[in-house]
Structures are given as structure tokens and as C-alpha cells.
Amino acid sequence: MDRDAEKADYDVAQVEREKAASSNAAIDDDVSEEEGKKIIWRIDRRLVVLVGILYCISLMDRTNLSTAAVAGMLDELQLGGNRYSVATLVFFITYIIFQPPSTVVIRKVGPRLFLSTITLLWGVLMIGFGFSPSFEVLTALRIILGALEAGYFPGCVYLLSTWYTRYEVGRRYSVFYLLGCVASACSGILAFGLMQITAAGLSGWRWIFIVEGIITCCLASLGYWLLVDFPESDRKSWRFLTDRERAWIVRRVNADRGDVVAPKFKLTLFLKGGMDWRVWGYALISFCSNTLTYSLAYFLPLILFTNLGFSRGASQCLVAPPYAFAGIYMYFVGWAGDRYKMRGPIIILNMVIALIGLPILGWHPNNGVRYFGAFFVTAGATGNIPASLAYQANNIRGQWKRAFASASWVGFASIGGIAGSLVFRSQDAATGYRPGLYACITACLVAILTVCVLDLSYYLDNKKADRGEKQLEAADEEYQADFRYTY
């Protein structure tokens with residue numbers, strides 16, 4: 001019996017060695033290491049930077065409501081009571097509904113056409129925000145904006161995951177989201193400048209929407225020419241990789257996880273991804289992380305203005321430093337996660353840092369120190385967006401399961417956005433928004449617990465796979481014997 005066990009262990013190890021050897025040979029057959037690095041660098045410059053810039057403007061367009069509110073929109077459109085919270089909230093209704101089909105549509109029509117078209121449409125809509133005459137019109141426009149922006153983030157996350165191996169994607173997600181932090185950092189400063197415009201009889205807050213909408217339309221036109229398709233697609237991308245170079249990308253990604261080519265779409269195959277309980281664990285982490293990030297995006301300027309006592313202009317500009325710090329921190333932890341091939345501990349570290357910052361922001365008697373706490377909260381919260389995306393991407397095989405997981409991650413992120421738009425209520429301003437702070441602390445603790453449960457399951461399943469007792473992600477196409485979960 002012991003001999004049988006030893007033989008089984010030997011067979012598993014032998015299969016893994018032969019598979020690794022054949023994979024390496026397939027990857028390196030006609031592309032040198034130096035040329036390979038140049039190809040990856042070209043993909044980084046073209047794909048990661050462009051989708052990051054477009055996401056930057058996407059995030060700016062969906063969260064500029066807070067800067068417009070400080071600039072005078074609250075008074076002009078009479079957004080007292082819970083009207084402002086409703087205007088922020090309704091965006092996420094259509095944003096959630098239209099996300100699942102978007103990951104299917106992007107596969108059908110291609111990322112270049114799909115992403116550039118929806119970006120152009122919401123840019124035009126953003127210009128319309130500048131002419132909103134009432135709360136009702138503003139709310140209707142926010143509903144439409146949610147539908148148009150629904151496909152962008154999950155589409156980009158899915159597209160990026162198809163071009164890189166599992167231990168390259170962490171830094172790329174960090175750079176992608178880092179550019180989103182640039183939006184959050186610069187939106188307040190840009191809004192402060194735009195609110196000074198009073199041309200054509202329009203208030204300054206209206207020009208925030210109009211100018212940012214025009215910028216969005218221009219970038220959408222640029223995206224139509226420069227965005228790239230999936231690596232295995234026959235659709236051509238303008239002045240990008242040759243067929244030989246794309247074939248090399250396909251081979252190396254296949255050697256990493258064996259799921260480059262997507263089977264023909266079937267609804268049952270797509271929904272099958274939801275049968276894995278871990279997919280919902282990633283979604284719960286997404287909900288907790290985005291509750292923090294959206295609450296900061298929508299209410300940090302208001303907290304600085306109404307609670308910490310800064311002026312309107314100072315409140316707009318002081319949003320920038322915490323997000324600038326968060327961007328640097330986020331790239332560092334993304335690099336560390338890829339370098340040391342770990343994901344769960346990074347998420348826990350980020351949540352601990354946010355837990356340090358939240359009590360400082362909420363309870364310290366000195367306003368300057370409370371503002372310092374915002375640096376910790378912002379770094380921990382935003383750092384967990386790319387970290388949790390990489391955590392999910394590393395532990396999933398199969399294109400349609402990946403598409404479902406991306407949609408569920410972003411869907412729960414949107415629910416987190418709903419929670420984030422409600423946790424800091426205007427009636428709690430006198431208490432320092434403490435109920436909202438308690439909610440954010442709870443979200444951090446739930447995320448930490450979820451990661452611990454997931455990592456324990458990964459550890460146990462990897463051990464079973466090492467002993468030949470279990471096949472990991474075996475239900476997906478082209479099963480890989482050497483696939484192991486990353487914790």
C-alpha cells in the first residue's frame with residue numbers, strides 16, 4: 001500500500017515536471033527573453049496605460065457629484081434632506097443590472113468598439129449634467145450614467161486578465177487603479193478651477209460637468225483607435241503586436257493557466273461560475289473594500305468642509321494628498337504581491353491600515369491629525385481594489401468563469417457603492433459621522449475574516465492536490481495538473 005502511494009506521488013510529480021518542461025519549451029521556441037520583455041513592455045504602455053486613463057475619467061465622471069455639491073449644486077438644485085444621497089444611490093441600480101451582460105457583450109463585439117462607444121456616450125451624457133434644471137432631471141441622468149458605465153470596469157478587468165500571467169497581473173491592476181487614484185486626487189483641484197468659471201450665465205458647478213464631459217468624449221475617440229482586442233482574437237488592433245508576438249502571448253498565458261481560448265458562449269456555462277462558493281467570497285471582499293472607497297469618494301470633501309472646518313476651496317484641494325499617497329502605497333503592495341506570490345496577506349495588511357486610520361479620522365480632537373488619518377484610510381481602502389482583483393484572478397480558471405467572477409466582483413462593488421453613498425448621512429454631521437465610521441470598521445473586519453477563510457481553504461486544497469487526492473479547478477476547460485491556488 002505504501003508503494004502504491006509512493007508511485008502515485010511519483011506519477012503526479014513526473015506529470016508536473018513534464019508539463020512545465022513542455023510549457024517552457026513552447027513559450028521560448030522563437031522569442032528570446034529580451035524580446036519577450038520588450039513585448040510585455042509594449043502591452044503595458046498601450047493597454048494598461050490607456051484603460052487606466054479611461055478609467056480615470058470614468059471614476060471622475062461618476063464621483064464628481066461631491067465636488068459639484070461643495071461648489072454650490074446642493075443649494076441651486078435644492079438637494080436638502082436625503083436628496084443628495086438618493087442622487088448618488090440611483091447610479092448603482094442600473095450599474096449593477098447591466099454588469100453581467102456586459103462581460104458577455106465585450107466578448108462578442110470586442111473591447112475596442114465596446115469600451116470606446118460606451119465612453120463616448122457617457123461623455124455626452126456628462127455634458128448634459130451641466131444643464132440639469134432640477135433634482136428629478138439630475139437623478140434621471142444618474143440612472144442612465146449607471147447603465148453606460150456598467151460595462152467599463154468589469155470589461156477592463158477581464159481584458160487585462162487575458163493578456164498577463166497570474167503573477168504579472170497584480171502590478172498591472174495596481175497601475176490601472178492608480179490612474180483612478182489620479183482622478184480622485186486631481187478631481188478636487190480641477191473642480192476648484194472649473195467652479196471659478198461663470199461664462200454663459202452658468203454656475204461654476206455646471207462647468208465641472210460640461211468640461212469633464214468634453215474631456216471624456218475626446219478620450220473616447222482616442223480609445224477607438226488605440227484600444228486592443230483579446231490576444232487570441234482575429235480582430236486586428238491598430239499598429240500593435242504582430243501575429244507572431246500575439247501567438248507568443250497566447251502560449252505563455254496558456255502555459256500559466258491553460259484557459260486562453262473561450263468556449264462558445266452558453267448561459268449555463270456562464271452561470272456555472274456561481275456554483276463555486278469562493279467566487280462569492282471574492283465578491284464579499286469587493287463589497288467591503290468598495291464600501292470604504294466610495295464613502296471616501298462621495299463624502300471626504302464634505303467631511304473636510306462640514307466637520308473638519310476647512311473652507312470650500314481647501315476642502316476641494318485637500319482631497320488630493322491622501323489619494324497621491326494611496327497611489328504610491330498601492331503600487332508598492334502590488335509589486336510585493338507579484339514578487340512574493342502572495343495575495344491574502346496583502347488584503348489583510350490593507351484593511352489593518354484602514355482600521356488604524358478610521359479611529360484617527362473620527363475621534364482625534366485635533367483636526368490636523370484627523371486629516372492625517374484620512375491618508376491611512378485612503379491608502380488601505382484603495383490599495384485593496386487591485387489587491388482583491390489579483391486575488392480573484394490568480395485563483396480562477398476558465399474564461400466564462402472568469403467573466404462571471406469579474407461581473408460578480410464589480411456587482412458587489414456596486415452594492416458597496418450603494419452602502420458607501422448611505423453610511424455618511426447628513427444628519428450625522430454633528431456627531432462627526434460616527435455611524436458611518438462604525439460601518440466602515442465593520443467592513444474591514446468582515447473582509448479580514450473572509451480572506452482568512454479563503455486562504456485556509458486554499459491551503460488545504462493545495463495539500464490535497466500535492467498528494468494527488470484532488471484536481472483543482474477541474475470543471476473548467478483544459479484542466480491543468482500543476483495549477484495551485486495562491487494565498
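Summarised in this report is the structure supplied together with it. Every chain is numbered independently, its residues counted from 1 as its sequence is written. A pLDDT threshold of at least 70 governs which residues receive local features in this predicted model, and a stricter bar of 80 or more applies before side-chain atom pairs are shown or counted, although totals over entire chains, interfaces and linings include all residues. Note: side-chain values were computed over all heavy atoms of the structure, leaving out hydrogens and water.

1. Section: a nonpolar patch on the surface
A surface patch of nonpolar side chains, about 570 Å² in accessible area, is lined by Val105, Val109, Leu113, Tyr224, Trp225 and Trp238. Elements with a contribution of two residues or more to the nonpolar patch: α5 (99-109) and α10 (204-226). For Val109, the location among the structural elements is in helix α5. The cut-offs for exposure are 20% and 50% of the maximum accessible area for each residue type, with area from a 1.4 Å probe on protein chains only; residues under the lower value are buried, those over the upper are exposed, and the others partly exposed. Val109 sits in the partly exposed class, given a relative accessible area of 35%. Each patch groups residues whose relative accessible area exceeds 30% and which form no salt bridge, using 9 Å between like charges and 5 Å between nonpolar side chains of Val, Leu, Ile, Met, Phe, Trp and Tyr. Computed by Shrake-Rupley with a 1.4 Å probe, the accessible areas treat only the displayed protein chains as cover when residues are assessed. Definition used for salt bridges: Asp or Glu carboxyl oxygen within 4 Å of a side-chain nitrogen of Lys or Arg. Numbered from the N terminus, helices here are DSSP runs of H or I no shorter than four residues, and strands are runs of E no shorter than two.

2. Section: helix α15 (residues 320-339)
The span one expects for a helix is its residue count, reduced by one, times 1.5 Å. If you check α15, its first and last C-alpha atoms are 29 Å apart, about what 20 residues at 1.5 Å a residue would give, namely 28 Å. Turning to α15, its buried residues are Ala320, Pro322, Tyr323, Ala326, Gly327, Tyr329, Met330, Val333, Gly334, Ala336, Gly337 and Asp338. At the C-terminal side of α15, Lys341 shows a positive phi close to 50°.

3. Let's talk about the packing of aromatic side chains
Stacked, tilted and edge-to-face are the three classes assigned to paired rings of Phe, Tyr and Trp, where Trp is represented by its six-membered ring and a pair needs centres within 6.5 Å; plane angles under 30 degrees give stacked, over 60 edge-to-face, the rest tilted. This model, assessed by the stated rule, comprises 30 aromatic pairs. Centre to centre, the rings of Tyr282 and Tyr391 are 5.9 Å apart; their planes meet at 80°, and the pair counts as edge-to-face. Of this pair, Tyr282 sits in helix α13 (residues 277-307) while Tyr391 sits in helix α17 (residues 367-394), and the two are 109 residues apart along the sequence. For the pair Phe483 and Tyr485, a centre-to-centre distance of 5.8 Å together with 85° between the ring planes defines the contact as edge-to-face. With respect to class, Phe483 is no different from Tyr485; both count as buried. Here the aromatic residues Phe310, Phe325, Tyr371, Phe372, Phe375 and Phe376 are joined through ring pairs into a cluster of three or more. A cation sits over an aromatic face here: Arg239 above Trp238, 5.5 Å from the ring centre. Comment: the charge-over-ring label is applied if NZ (Lys) or CZ (Arg) is within 6 Å of the ring centre and within 35 degrees of the ring normal. The lysine or arginine in question, Arg339, covers the ring of Tyr340, its NZ or CZ lying 5.2 Å from the ring centre.

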